[in-house]
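# Examining the three-dimensional arrangement
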Amino acid sequence: MKVKKALSIALRILPFLLIAAILCCLLLYPRGETVSKENKRVVRVWNVDTFEGGKGSRTAFLRNAARITEKKRGGVYYLITSYTLDGATAAFEKGESPDMLSFGIGLSAYAENSLPLSRKFAGGNTESGCLAYPWCRGSYYLFSLSEDFSASGETVISKGGNNLSEVAAAYAGINGSFAESTAAYVEFLNGHYRYLLGTQRDECRFSARGVTVYSQELPEYCDLYQYISVLSREKREDCDAFVDTLLSNDVQTTLSRIGMYPVNGGNAKRTVSVFSDRESLRKLAESASGGIAGNFLDKYLKFI
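First, a word on scope: everything that follows refers to the structure included in this document. Just so we're clear, the structure is a prediction, and the values are computed from it rather than from any experiment. (Residues numbered from 1 in each chain as written. Predicted model: local features only at pLDDT ≥ 70, side-chain atom pairs only at ≥ 80, totals over all residues. Heavy atoms only, no water.)

## Overview of the overall build of the protein
Helix and strand counts for the protein stand at eleven helices and 14 strands. Of all 304 residues assigned to the protein, the portion counted as buried reaches 45%. Put simply, of all contacts in the protein between residues at least 6 apart along the chain, 77% involve residues at least 24 apart. Carbon and sulfur atoms make up 53% of the accessible area of the protein, which amounts to about 15,800 Å² in all. (Helix = DSSP H or I, 4+ residues; strand = E, 2+ residues; numbered from the N terminus. Buried < 20%, exposed > 50% of the residue type's maximum accessible area, 1.4 Å probe, protein only. Contact = heavy atoms within 4.5 Å. Areas by Shrake-Rupley, 256 points an atom, 1.4 Å probe, with all protein chains shown as cover.)

## Things to note about the packing of helix H5 (residues 165–172) against helix H10 (residues 278–289)
Relative orientation of the contacting elements H5 and H10 amounts to 35°, with a least axis distance of 8 Å. Between H5 and H10 lies a crossing whose hand is left-handed. Contacts from Glu166, Val167 and Ala170 in H5 reach Leu284, Ala285, Ala288 and Ser289 in H10. Here the contact of H5 with H10 is composed, by residue class, of five nonpolar, one polar and one charged. (Axes fitted to C-alpha atoms, helices over the stretch in contact; angles between N-to-C directions. Left-handed = near helix turned anticlockwise from the far one by under 90°. Nonpolar A, V, L, I, M, F, W, Y, C, P; charged D, E, K, R; others polar.)

## Some thoughts on helix H4 (residues 85–93)
Where H4 is concerned, the buried positions are Leu85, Ala88 and Ala91. Axial view of H4: buried residues confined to an arc of 130°, hence all on one face. Of the residues in H4, the exposed ones pointing more than 90 degrees away from the buried face are Asp86 and Glu93. Among the structural elements, strand E1 (41–48), strand E2 (76–83) and H10 are those in contact with the buried residues of H4. (Arc of directions from axis to C-beta.)

## Side note on the side chain of Ser165
With respect to the secondary-structure elements, Ser165 resides in helix H5. In contact with Ser165, other than residues within four places in its own chain, are Tyr140, Ile157, Ser158, Lys159 and Phe178.

## Considerations on H10
Between the first and last C-alpha of H10 there are 16 Å, a value that for twelve residues agrees with the 16 Å anticipated at 1.5 Å per step. Listing the buried residues of H10 in full gives Leu281, Leu284, Ala285, Ser287 and Ala288. Mapping the buried residues of H10 onto a view down its axis gives an arc of 165°, with all of them on the same face. Measuring from the side-chain oxygen of the N-cap residue of H10 to the backbone nitrogen of Glu279 gives 3.3 Å; that N-cap residue is Asp277. (Expected span 1.5 Å × (residues − 1). Polar contact = N/O pair within 3.5 Å; in protein donor to acceptor, adjacent residues only side chain to side chain.)

Structure follows, in structure tokens:
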């Protein structure tokens, strides 16, 4: 009788013991995605937007390119993180550094940590080689609400980010009033100005609003490039694979999703070094605002 009672109790307890054992195994010996991620090589990519893009997110675009690269290579995970210009500068001062850096003009701190690339581009070339190569670009435009660009009228020049619209205006021979990007766009549409010197950002705004606007590209100068740099020797192969994907035709042809243009095919004649510090950019902007172009600015700019 006692044996039967003990057996009955054991049968009742057994399911609970089995569940407890399974839970212990799961906690002590995790499996699946968690372990697989931990076993992957992690490549840290920081994206720093220093000028206005077209539309959407450059960080999100990089994440999509990262997933494509991961499928090709296997065993690697690209961690894409968005940083502000001030945040990235502060991180550098603390001794922090990513494996790769996506950035525009105005972030000069990481130049000394960047490794030479196999590609060449004027804005990323240094005495140590090409340390940065653009993966997307924008452009400067003169916009008008009519087809007649010969008509007289005032121009508003859009200012947004660290890009030097002053230099673009100087080389185009355009004088005007400067205004913050959104304000310039609104004042132009409201008829306060005959012309707007803007960028691909304004093209996207006009398109989203359904407004018919005429434009002329200003090819003499462009600094609207988002560059990619490699900073890690240890993860160099994984970094190079990501750069190859980012610059591949399959990825470049999808840049319209974020209102940006492929690197190849641009008409710009000059640019500025992406590693120019903020003080140098300020002096260039002041010189251009004073109507100084030609030989003087050419000393500090690079021909593409």
